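# Notes for the structure review
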Amino acid sequence: MKGQCSCGAVHYEISDSPLFVHACHCINCQRQSGSAHALNAMIESHCIKQISGSTEGIIMETGSGMGQTIHRCSNCKIALWSTYAALGEDFSFIRVGSLENPGAFPPDINIFTKSKQHWVQLKEGIPAVKEFYDPSDVWPKESLVRMQAVMEAR
């Protein structure tokens, strides 16, 4: 699947499906997205191929205090993906709204719902947790295997 920024300067493609998709309702994601939550598709960083344009990494705070780097179009500054210090550069979190077909990747889980806006209604059948979770409790086996392969290759 392909993605791009708002101005069209940056084009990228992903070569595999995401490991897991988070709808994050933390206050930082609300502020950084200008919305009620951020929708982030976790994928191995080597699965992202930037086709055109340039990005810049902006370091932002996270609730853990370890930070994240949000990779933005150097021209229009739209967020395209991020990496989290806690996981390192091997995994990226694509902003689903930057994909050609964002509807292809609905959330697999709602996280940090303790700070969810009261008017947001969560879809029944999608797990929701007050903070974070253990991937082995909710991820498909294939995603766990892919993540383990990257971790072992470090």
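What comes next is a walk through the structure.

Scoring rules and cut-offs
Residues numbered from 1 in each chain as written. Predicted model: local features only at pLDDT ≥ 70, side-chain atom pairs only at ≥ 80, totals over all residues. Heavy atoms only, no water. Helix = DSSP H or I, 4+ residues; strand = E, 2+ residues; numbered from the N terminus. Rg over C-alpha atoms; globule rule 2.2 N^0.38 Å. Buried < 20%, exposed > 50% of the residue type's maximum accessible area, 1.4 Å probe, protein only. Areas by Shrake-Rupley, 256 points an atom, 1.4 Å probe, with all protein chains shown as cover. Phe/Tyr/Trp six-rings, centres within 6.5 Å; stacked < 30°, edge-to-face > 60°. Pairing = 2+ DSSP bridges. Axes fitted to C-alpha atoms, helices over the stretch in contact; angles between N-to-C directions. Contact = heavy atoms within 4.5 Å. Expected span 1.5 Å × (residues − 1). Arc of directions from axis to C-beta.

This part takes up the overall build of the protein chain. Across its full length, the protein chain holds three helices and ten strands. The C-alpha radius of gyration of the protein chain comes to 15 Å, within 12% of the 15 Å expected for a compact globule of 154 residues. Summarising its shape, the C-alpha atoms of the protein chain cover approximately 40 × 35 × 30 Å along the three principal directions. Per-residue burial over the protein chain gives 40% buried out of 154 residues. As displayed, the protein chain has an accessible area near 8400 Å², and 52% of this comes from carbon and sulfur atoms.

In the structure shown here, the tally under the stated rule is six aromatic pairs. Measuring from ring centre to ring centre gives 5.6 Å for phenylalanine 20 and tryptophan 139, while their planes differ by 25°; the resulting arrangement is stacked. Taken together, the positions of phenylalanine 20 in strand 3 (residues 20-24) and tryptophan 139 in the loop between helix 2 (135-138) and helix 3 (141-153) put the pair 119 residues apart, joining distant regions of the chain. Take phenylalanine 20 and tryptophan 139: they sit in the same class, and that class is buried. Taking the centre distance of 4.9 Å and the plane angle of 80° together, the rings of tyrosine 84 and phenylalanine 93 count as edge-to-face. An aromatic cluster is present here, built from Phe20, Phe112, Phe132, Tyr133 and Trp139 joined pairwise through their rings.

The next point concerns the sheet that holds strand 2 (residues 11-14). If you walk across this open sheet you meet the three strands as 1-2-5, and the pairing is antiparallel. The outermost strands of the open sheet, each flanked by one partner alone, are strand 1 (2-4) and strand 5 (48-52). For this sheet, the mean angle separating the axes of adjacent strands, direction not counted, is 30°. With three bridges joining them, strand 1 and strand 2 adopt antiparallel strand pairing. Bridge pairing links glutamine 4 to histidine 11 in strand 2.

Let's shift gears to the environment of valine 138. Its location among the elements puts valine 138 in helix 2. Exposure remark for valine 138: the relative accessible area of 31% places this residue in the partly exposed category. Taking the C-alpha atoms as reference points, valine 138 and glycine 8, 130 residues apart in sequence, are found 35 Å from one another. Contact partners of valine 138, with chain neighbours within four places excluded, come to Phe20, Ile109 and Tyr133.

Take helix 3 next. Since the α-helix packs 3.6 residues into each turn, any two residues three or four apart lie on the same face. End to end, helix 3 covers 19 Å across 13 residues, agreeing with the expected 18 Å (1.5 Å per residue, within 8%). Considered for burial, the residues of helix 3 that qualify are Ser143, Arg146, Met147 and Val150. Projected down its long axis, helix 3 carries its buried residues within an arc of 95°, all on one side. With respect to the buried face of helix 3, the exposed residues turned more than 90 degrees away are Lys141, Val145 and Glu152.

What follows covers the environment of isoleucine 51. As for its placement among the helices and strands, isoleucine 51 is situated in strand 5. Along the backbone, isoleucine 51 and glutamate 13 are 38 residues apart, and their C-alpha atoms lie at a distance of 7.3 Å. Every residue in contact with isoleucine 51, bar those within four places of it in the chain, is listed here: His11, Tyr12 and Glu13.

This brings us to the pairing of strand 3. Within strand 3, five of the five residues are buried, which leaves it mostly tucked inside the rest of the structure. Burial along strand 3 is two-sided: Phe20, His22 and Cys24 facing one way and Val21 and Ala23 facing the other are all buried. Bridge count for strand 3 against strand 4 (residues 38-44) is five bridges, and the pairing is antiparallel. Among the inter-strand pairings, histidine 22 is bridged to a residue of strand 4, identified as asparagine 40. Across three bridges, the pairing between strand 3 and strand 10 (residues 109-111) is parallel. Counted as the bridge partner of cysteine 24 is isoleucine 111 from strand 10.

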